[in-house]
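Spelled out, the chains give:
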Amino acid sequence: MCQKGRQMYTKIHTQKDVLRERYLYQSELTPLGFPKLLPVHAALSGLNAVSFCEAVKEKNPKKALCHFFIDDARFEPLWNQPQKYLPMLENFKYVCAPDFSFYDSMPKVMQLHQVYRSRALAWWLFMNGCNVIPTVGWGNAETFDFCFEGLPEESTLAISTNGCFTDQGKECYRQGFKEMCSRLHPTEILVVGRPIDVDADVKITYQESFGQQLTRKLRG
């Protein structure tokens, strides 16, 4: 899976692996220590988007993708016991990488930790048989130095517009979207949530967010 001649991570430093280094097993690391995710060219047409908190109810996961664009508390258990949820997740056609939130007002070390956790679990899921779509998240321009690290170029990528509908939020979204395309040259972007206009020459596929689906069900 990793190219021949590149050093793969195989270390365990703590008793019972309390640091969860197993999540990095056989990955190639970036300078910051994020595992480098591999590109995927997903066939998104006709798929149903299902949030992790609704995944257990999905009757046809082979025709669906599972995403984590929900409150972090709803999928924090995945970080602690990913093996518990693997039998469910591996049945989905695709699994978007977990989207651990970070905010501009956080200390940088916390922002880095959240991005690290997203990359590490994405790699673990990939190594355990899931078809993983890399997930991208960003904050202000100061986060651009690390928030794209470890993500593949020329791949399908997943993002969300949740929480981006203030004037400031839309501007932040558009700036990050442009930076993402400049750095990673995605072949297609899966957007979970309501559309926000962007100036980019890339195929975009939209899917309803968990909140949109819930609102539609309550109205129906």
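Everything below is about the structure shown above.
Residues numbered from 1 in each chain as written. Predicted model: local features only at pLDDT ≥ 70, side-chain atom pairs only at ≥ 80, totals over all residues. Heavy atoms only, no water.

Bringing the overall build of the protein into the picture now. When helices and strands are tallied, the protein shows 5 helices and 7 strands. In sequence order, the secondary structure elements of the protein are arranged as β-β-α-α-β-α-β-β-α-β-β-α. The C-alpha radius of gyration computed for the protein amounts to 17 Å, which stays within 12% of the reference 17 Å derived for 220 residues, consistent with globular compactness. Structurally, the protein occupies a C-alpha span of about 50 × 40 × 30 Å along its principal axes. Considering only contacts in the protein between residues 6 or more positions apart, those separated by 24 or more positions represent 63%. With an accessible surface of roughly 11,800 Å², the protein has 49% of that area assigned to carbon and sulfur atoms. (Helix = DSSP H or I, 4+ residues; strand = E, 2+ residues; numbered from the N terminus. Rg over C-alpha atoms; globule rule 2.2 N^0.38 Å. Contact = heavy atoms within 4.5 Å. Areas by Shrake-Rupley, 256 points an atom, 1.4 Å probe, with all protein chains shown as cover.)

Turning our attention to unusual backbone geometry. Here Asp17, not a glycine, exhibits a phi torsion of approximately 50°, which is positive. Considering the arrangement of structural elements, one finds Asp17 in the segment before β1 (48-51). For Asp17, a relative accessible area of 8% puts it in the buried group. Of note, the phi angle at His185 is positive, near 50°, even though the residue is not glycine. As for its placement among the helices and strands, His185 is situated in the loop between α4 (167-184) and β6 (188-192). Judged by its relative accessible area of 42%, His185 falls in the partly exposed class. (Buried < 20%, exposed > 50% of the residue type's maximum accessible area, 1.4 Å probe, protein only.)

Tracing the sequence through the fold places Trp138 in the loop between β4 (132-133) and β5 (156-160). Relative accessible area serves as the criterion here: at 14%, Trp138 is assigned to the buried category. Spatially, the C-alpha atoms of Trp138 and Phe102 are 8.0 Å apart, while their sequence positions differ by 36 residues. Look past the residues within four positions of Trp138 in its chain and what remains in contact with it is Phe102, Thr143, Phe144, Cys147, Phe148, Ile159, Cys172, Tyr173, Gly176, Phe177 and Met180. At 3.1 Å, the side chain of Trp138 and the backbone oxygen of Cys172 are in polar contact. (Polar contact = N/O pair within 3.5 Å; in protein donor to acceptor, adjacent residues only side chain to side chain.)

Bringing helix α3 (residues 108-127) into the picture now. Look at α3: 29 Å from first C-alpha to last across 20 residues, which is about the 28 Å you get at 1.5 Å a residue. Positive phi shows up at Gly129, right after α3, with a value of about 100°. (Expected span 1.5 Å × (residues − 1).)

With that out of the way, let us pick up the sheet that holds β6. Sheet architecture is open: 3 strands sit in the order β5-β6-β7, paired in parallel fashion. At either margin of the open sheet sits one strand with a lone partner, and together these are β5 and β7 (203-207). The average undirected angle you get between the axes of adjacent strands in this sheet is 25°. Each of β5, β6 and β7 touches α4; the most contacted strand, β5, lies at about 170° to it. (Pairing = 2+ DSSP bridges. Axes fitted to C-alpha atoms, helices over the stretch in contact; angles between N-to-C directions.)

Its location among the elements puts Ser118 in helix α3. Overall, Ser118 belongs to the buried group, its relative accessible area being 8%. With residues near it in sequence (within four places) discarded, Ser118 still touches Ala97, Pro98, Asp99 and Phe100.

Hydrogen bonds between backbone atoms are what pair the strands of a sheet, whose relative direction is either parallel or antiparallel. Here we have 4 strands laid out as an open sheet, ordered β1-β2-β3-β4, and parallel in their pairing. With partners counted over all chains shown, the strands left at the sheet margins are β1 and β4, one partner each. Taken together, the 2 bridges between strand β3 (residues 94-96) and β4 define a ladder with parallel strand orientation. Of the residues in β4, the one forming a bridge with Cys96 is Ile133.

By themselves, these figures tell us nothing about what the structure is for.
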